[in-house]
Amino acid sequence: MSQYVNIEGLILAAKKRLDLQEAPGSTRAGWLMITALLIESWDIYSMAFIIYVLKDIYHPSSWLLGFTAAGTQFGAIIGAMLGGWLTDRFGRRKIFLASMLLFAVFAILQGLAPNIFWLAIIRCFAGIPVGADVANGFTYIMEVMPKGKREVMANRWQFMFSLGIIAAILLVTVLVALGVEKDHFWRIVLAVPAIPAFLLLLMRRELPETPVWFVERGRFVEARRITATIMGGCLTICCPSIMLPLNRRASVKRSGICSAAVSRAVPRSLAGYPARFSRLKITPSPSTYR
C-alpha cells in the first residue's frame, strides 16, 4: 500500500522547529534588513530640507514641485505591490540584493538630474526598489528569526526611520555650515545615501537564501544545507524529528499543495535521496507560510 508524505505538514513543522531556537546569524540578518529603512527614510525626508532650493533654482509649478517631493512614495507603492510576487518568484536573496543596488544607482542618478522634471521621474523609479525592499526585508526577518525575536526586530523600523531623518539633518547642517552652492547642495543631499546603500549591499552579500523558500519549491537538500549554515549546525530542516508519521494519508490536493506519493516507506532522512525528492512537483499556497 502506498504511503504518503504530507508536504504541508512538513513545511509547517519545519517552521515550528525554526521558531524554537535562535540562529547565531539571524539577529545580524535582521539588522541588515531593517537598516535599509534608515537609508530609505534618509532619501525620502531629505526632500523636506532641499525643496526650497529646488524652488529657487528651477521655479517649478506647485504640482511639479509636490510630485517631485512625493515621487519616491509613489514608486514605493508600486514596489510594495510587486515586491511580494518578485520575492516569491525569484527568491529573497536576489531581491534584497537587487533592490539595494538599484536604490544606490538611482540615488546617484538623482544627483546628476539635469532639471527638476527629470528629477521627479528618477525619484518615481527610485521608489520601486524602496517598496520592494521593505516587503522583502520583513519576509526575510520572519523566515530566519525565531518567534518572539522577529517581532521585536520588525518593530525597530520606526527607530531606523528616525535615524535616517537625523542623518539627513546632520548632512544638511554640515553643507549649510560649509556654504555649499545651492545647485551642488541638493545634488549632494540626494546622492550621498548611495554610499551607505553600497556598503549595505556588500554586507548583505553574505546572507543566504531562506530555507523556507527552498522548502516551498521542494528543494529539501538546499534547504537542509542552508539551515545548517544559518543555525550553526544545530538544526536540519529535513531531520527525522520534523518528519510526519507516514501511516496517515494526506489529501492529494489541499490549499494548493500537492502531496507526494511514494511506493514504499520514505526514508527518515531526505538527505540521502536528493534525486527522488528533487523531482517532486510541489506548489504550496503562499498562505501556508504567513
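What you are looking at is a predicted structure, and each value in this text was computed from that prediction instead of being measured. (Residues numbered from 1 in each chain as written. Predicted model: local features only at pLDDT ≥ 70, side-chain atom pairs only at ≥ 80, totals over all residues. Heavy atoms only, no water.)

Colleague: Give me the lowdown on the overall build of the chain, citing residues and values where you can.
Modeller: Of the regular secondary structure elements, the chain holds twelve helices and four strands. The proportion of buried residues among the 290 residues of the chain is 49%. Pairs at least 24 residues apart make up 81% of the contacts formed inside the chain by residues separated by at least 6 positions. Carbon and sulfur atoms make up 66% of the accessible area of the chain, which amounts to about 14200 Å² in all. (Helix = DSSP H or I, 4+ residues; strand = E, 2+ residues; numbered from the N terminus. Buried < 20%, exposed > 50% of the residue type's maximum accessible area, 1.4 Å probe, protein only. Contact = heavy atoms within 4.5 Å. Areas by Shrake-Rupley, 256 points an atom, 1.4 Å probe, with all protein chains shown as cover.)

Colleague: Account for the pattern of salt bridges, with residues named and values stated.
Modeller: One pass over the structure, following the stated rule, counts eleven salt bridges. Between Arg 123 and Asp 43 there is a salt bridge, with its nearest N and O atoms 3.7 Å apart. Of this pair, Arg 123 sits in helix H5 (residues 116–144) while Asp 43 sits in helix H2 (residues 26–58), and the two are 80 residues apart along the sequence. Asp 43 matches Arg 123 in its accessibility class, with the two residues each being buried. Lys 182 serves as the salt-bridge partner of Asp 56, at 3.2 Å between the closest nitrogen and oxygen. Here Lys 182 lies in helix H8 (residues 182–191) and Asp 56 lies in helix H2, a separation of 126 residues in the sequence. Here the salt bridges do not stand alone but share partners, grouping Asp 88, Arg 92, Glu 143, Glu 216 and Arg 217 into one network. (Salt bridge = Lys/Arg side-chain N within 4 Å of Asp/Glu carboxyl O.)

Colleague: Describe in detail the packing of H2 against helix H3 (residues 62–90), supporting the description with residues and values.
Modeller: Axes are the key here: two packed helices are described by the angle between their axes and the distance separating the axes. H3 packs onto H2 with a crossing angle of 165° between their chain directions and a minimal axis gap of 10 Å. Judged by the angle between their axes, H2 and H3 are roughly antiparallel. The two elements H2 and H3 meet at a crossing, and its hand is right-handed. Between H2 and H3, the residues in contact are Asp 43, Ile 44, Met 47, Ile 51, Leu 54 and Lys 55 and Leu 65, Thr 68, Ala 69, Thr 72 and Gln 73, respectively. In the contact of H2 with H3, the residues fall into six nonpolar, three polar and two charged. (Axes fitted to C-alpha atoms, helices over the stretch in contact; angles between N-to-C directions. Parallel < 35°, antiparallel > 145°, perpendicular 65-115°, else oblique. Left-handed = near helix turned anticlockwise from the far one by under 90°. Nonpolar A, V, L, I, M, F, W, Y, C, P; charged D, E, K, R; others polar.)

Colleague: Mind laying out the packing of aromatic side chains, listing which residues take part and the relevant values?
Modeller: The final tally for this structure, using the stated rule, is ten aromatic pairs. Consider the rings of Trp 85 and Phe 90, whose centres lie 6.2 Å apart with planes at 90°: the pair is edge-to-face. Aromatic ring contacts, followed pair by pair, group Tyr 45, Trp 157 and Phe 161 into a single cluster. (Phe/Tyr/Trp six-rings, centres within 6.5 Å; stacked < 30°, edge-to-face > 60°.)

Colleague: Explain unusual backbone geometry residue by residue, including any values.
Modeller: Look at His 59: it is not a glycine, yet its phi comes out positive at around 50°. With respect to the element layout, His 59 can be found in the loop between H2 and H3. A residue is classified by how much of its surface remains accessible, and His 59, at 64% relative accessible area, is exposed.

Colleague: Go over the nonpolar core, please, and point to the residues and values.
Modeller: A general trend in soluble globular proteins is that nonpolar side chains are found buried together. With 51 residues, the main nonpolar core has Ile 50, Leu 54, Met 100, Tyr 140, Phe 185, Trp 186 and Leu 207 as its most contacted residues. Elements with a minimum of two residues in this core: H2, H3, helix H4 (92–111), H5, helix H7 (157–178), H8 and helix H9 (194–204). It is H2 that provides the largest number of residues to this core, a total of 13 residues. The residues contacting Phe 185, other than those within four sequence positions of it, are Phe 49, Ile 50, Tyr 52, Val 53, Val 172, Leu 175, Val 176 and Val 180. Judged by nonpolar contacts, the second largest core, of six residues, contains Trp 213, Phe 214, Phe 220 and Ile 226. (Core = buried A, V, L, I, M, F, W, Y, C linked by side-chain atoms within 4.5 Å.)

Colleague: Please provide a residue-by-residue account of the confidence of the model for the chain, values included.
Modeller: Per-residue confidence for the chain gives a mean pLDDT of 75; residues scoring 70 or more make up 70%. Counted against residues more than four places away or in other chains, residues 233–290, with its pLDDT under 50, gives 108 contacts. (pLDDT = per-residue confidence, 0-100.)

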